[in-house]
Amino acid sequence: MNKKKVFKTIGILVLIIVILMLLYVIRNTIIVTKLQKNIKEYTSKTNFSIKVTNLTSETSKMTVNYYKKDNKEAVILERNVDENSVKMSFYNNGERRDLFIETNDKKTVQVNTKNQLLGLNITDSLQTDNLWQTILYSSIARIKTENVNGKECYKVSNFYSPYWMYGDNITEFYIEKDTGLLIKTVIDDEVAVREYSFDDVEDSAFVEPDIGLYTVVEEN
């Protein structure tokens, strides 16, 4: 084979590689853009609940239930490690915030606390500032179809949005195709699964426990 044919063959191979790379970037960008569009229907919701189940090991489990209705919110966090359990209930009625803490041996409450448990607002897991960022992050992302608890999702990894924290080794987002909602995350050895409900949170979700059953404590 003469040099001309060798260069021609190399040129064809390079062209094929470039085309495949462009198709890969276009495909990922289309998927990410669609998910960004779909989630917008939910980010403005003011009545919703989210349940997050976090599994770190066979002996450690944490569940967070978050309720929001207009300016009211409640966060119920329950954590079990071996035989020890902790329950934290945070209520914000728009005017006052109370924090109830239950452990194996005591029950305390901070009335009108300045502390605030982190809410679980609905956000865009693949948020970017502009189209060029979307294209850039999509170009190195890995996106494949996965089924999570009967929901068709995209498993997205290697998408380095500046709005998320990432694990040292593994960071995977499982995002529902139809809604753009984050269904599952895998960050190193932590696995968290999310469940959503919309427009059905009632005022009963914000009724606080009987303060008389708790010891009132001052904030640290």
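To be clear, the structure that these remarks concern was listed above.
To keep things clear, this report deals only with the structure shown in the data block. Since we're looking at a predicted model, the values are computed, not measured. (Residues numbered from 1 in each chain as written. Predicted model: local features only at pLDDT ≥ 70, side-chain atom pairs only at ≥ 80, totals over all residues. Heavy atoms only, no water.)

With respect to the element layout, Glu 172 can be found in strand β9 (residues 171-176). In this structure Glu 172 comes out as buried when scored by relative accessible area, which is 17%. Ignoring anything within four residues of it in the chain, the contact list for Glu 172 reads Lys 155, Val 156, Ser 157, Lys 184, Thr 185 and Val 186. (Helix = DSSP H or I, 4+ residues; strand = E, 2+ residues; numbered from the N terminus. Buried < 20%, exposed > 50% of the residue type's maximum accessible area, 1.4 Å probe, protein only. Contact = heavy atoms within 4.5 Å.)

Further remarks concern the pairing of strand β11 (residues 190-198). Relative to β11, strand β10 (residues 182-187) runs antiparallel, the two being bridged by four bridges. Each residue of the ladder has a partner; that of Val 186, found in β11, is Val 191. Between the antiparallel neighbours β10 and β11 lie two residues, among them Asp 188 with a positive phi of about 55 degrees. (Pairing = 2+ DSSP bridges.)

Further remarks concern helix α2 (residues 131-140). Every α-helix carries 3.6 residues per turn, so stepping three or four residues along brings you back to the same face. Every buried residue of α2 is accounted for by Gln 133, Thr 134, Tyr 137 and Ser 138. One side of α2 carries all its buried residues, which in axial view fall inside an arc of 125 degrees. Projecting away from the buried face of α2 at angles above 90 degrees are the exposed residues Leu 131, Trp 132 and Leu 136. With a side-chain oxygen positioned 3.1 Å from the backbone nitrogen of Trp 132, the residue opening α2 is Asn 130. (Arc of directions from axis to C-beta. Polar contact = N/O pair within 3.5 Å; in protein donor to acceptor, adjacent residues only side chain to side chain.)

In total, this model carries seven salt bridges according to the counting rule given. Put simply, Arg 96 and Asp 98 hold a salt bridge, and the shortest N to O gap is 2.6 Å. The class for Asp 98 is buried, based on a relative accessible area of 0%. (Salt bridge = Lys/Arg side-chain N within 4 Å of Asp/Glu carboxyl O.)

With that out of the way, let us pick up unusual backbone geometry. Positive phi values are uncommon outside glycine, yet Asn 112 reaches one of about 50 degrees. With respect to the helices and strands, the residue Asn 112 is situated in the loop between β6 (107-110) and α2. Positive phi, close to 60 degrees, is recorded for Asp 199, a residue that is not glycine. Looking at the element boundaries, Asp 199 is found in the loop between β11 and β12 (215-216).

Let us now look at the packing of aromatic side chains. Scanning the entire structure with this criterion turns up seven aromatic pairs. Look at Phe 48 and Phe 198: their rings are 6.5 Å apart centre to centre, the planes differ by 45 degrees, and that puts the pair in the tilted class. Of this pair, Phe 48 sits in strand β1 (residues 47-57) while Phe 198 sits in strand β11, and the two are 150 residues apart along the sequence. Sitting over the face of the ring of Tyr 214, Lys 107 holds its NZ or CZ atom 4.8 Å from the ring centroid. A cation over an aromatic ring shows up here: Lys 177 above the ring of Tyr 154, its NZ or CZ 4.8 Å from the ring centre. (Phe/Tyr/Trp six-rings, centres within 6.5 Å; stacked < 30°, edge-to-face > 60°. Lys NZ or Arg CZ within 6 Å of the ring centre and 35° of its normal.)

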